[in-house]
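For reference, the chains in residue letters:
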Amino acid sequence: DTEVTQTPKHLVMGMTNKKSLKCEQHMGHRAMYWYKQKAKKPPELMFVYSYEKLSINESVPSRFSPECPNSSLLNLHLHALQPEDSALYLCASSQEGRDSNQPQHFGDGTRLSIL
Amino acid sequence: GESVGLHLPTLSVQEGDNSIINCAYSNSASDYFIWYKQESGKGPQFIIDIRSNMDKRQGQRVTVLLNKTVKHLSLQIAATQPGDSAVYFCAENRKNGGFKTIFGAGTRLFVKA
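Residues numbered from 1 in each chain as written. Chains lettered and ligands numbered in written order. Predicted model: local features only at pLDDT ≥ 70, side-chain atom pairs only at ≥ 80, totals over all residues. Heavy atoms only, no water.

(A) Expanded view of the sheet that holds strand β2 (residues 19–24) of chain B. All names here are of chain B. Spatially, the four strands line up as an open sheet ordered β2-β7-β6-β5, and their pairing is antiparallel. Both outer strands of the open sheet, β2 and β5 (56–58), are each paired with one neighbouring strand and no more. Between one strand and the next, the sheet's axes are offset by a mean angle of 15 degrees, whatever the strand orientation. Pairing between strand β6 (residues 62–67) and strand β7 (residues 72–77): six bridges, direction antiparallel. In the strand pairing of β7, leucine 65 is matched with serine 74. (Pairing = 2+ DSSP bridges. Helix = DSSP H or I, 4+ residues; strand = E, 2+ residues; numbered from the N terminus. Axes fitted to C-alpha atoms, helices over the stretch in contact; angles between N-to-C directions.)

Structural data, given as structure tokens:
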């Protein structure tokens, strides 16, 4: 079992819906990440939070809105998505400190389908 | 395009043989490299990492080699087992206001029994 928990595992939504993806970790990690992964492709970084503050936004469209309510939780709010946004969305966390070169711990993702 | 990539998209090995998965990178400023394993329906799982001040690191049945001269990274798996079948990604940490991680294209490893 992974130490990073993502819910839901699967989500089907229409283009006009609003939904949220949730991620939780209790390893005390202070860096958290959202990735998008299309089939047969590597994960692509979307957002990085460090100490609950957004530190990297990889020019992600505003229909994706991240939120970090506390050090254990990371949300990704979805609104007016397009069919091409269908993908596996992965959450990850890592230790953060003076040495930011730490491996990331991934959840098993939310499989998102946009109708 | 991305500078972290792999030489072979698929690799098929016989159970018990050693596997070698290769990766090239182009950013000489990168100072941290990671190998992840992703099984079907799962998220990537950390295997082993190496910092740029090292050229070799060993784990349990796995060894990572780093050649900074030619910007090449490899993962060696000893005595490959059916459970090693997965997609393997190399990843590179670049300093970009927070250590952004870039993943390579991935290699699918098939282990034949």
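(B) Molecular detail of unusual backbone geometry. Each neighbour pair has its own omega, and for threonine 7 of chain A with proline 8 of chain A the value is -10 degrees, a cis peptide bond. If you trace the backbone, proline 8 of chain A turns up in the loop between β1 (4–7) and β2 (10–13). One non-glycine residue, alanine 79 of chain B, lies in positive phi territory at about 50 degrees. The residue alanine 79 of chain B is located in the loop between β7 and β8 (86–94) in this model. The class of alanine 79 of chain B is partly exposed, set by a relative accessible area of 35%. (Buried < 20%, exposed > 50% of the residue type's maximum accessible area, 1.4 Å probe, protein only.)

(C) How the structure looks around the interface of chain B and chain A. Each partner contributes residues to the interface: chain B has 22 residues there, and chain A has 20 residues. Carbon and sulfur atoms supply 51% of the area buried between chain B and chain A, which totals about 1700 Å² over both sides. Counting across the interface, chain B meets chain A through one salt bridge. As a salt-bridge pair, lysine 100 of chain B and glutamate 58 of chain A come within 2.6 Å of each other at their nearest N and O atoms. There are eight residue pairs in polar contact (both at pLDDT 80 or more) connecting chain B and chain A. (Contact = heavy atoms within 4.5 Å. Buried area = accessible area lost by both parts, 1.4 Å probe. Salt bridge = Lys/Arg side-chain N within 4 Å of Asp/Glu carboxyl O. Polar contact = N/O pair within 3.5 Å; in protein donor to acceptor, adjacent residues only side chain to side chain.)

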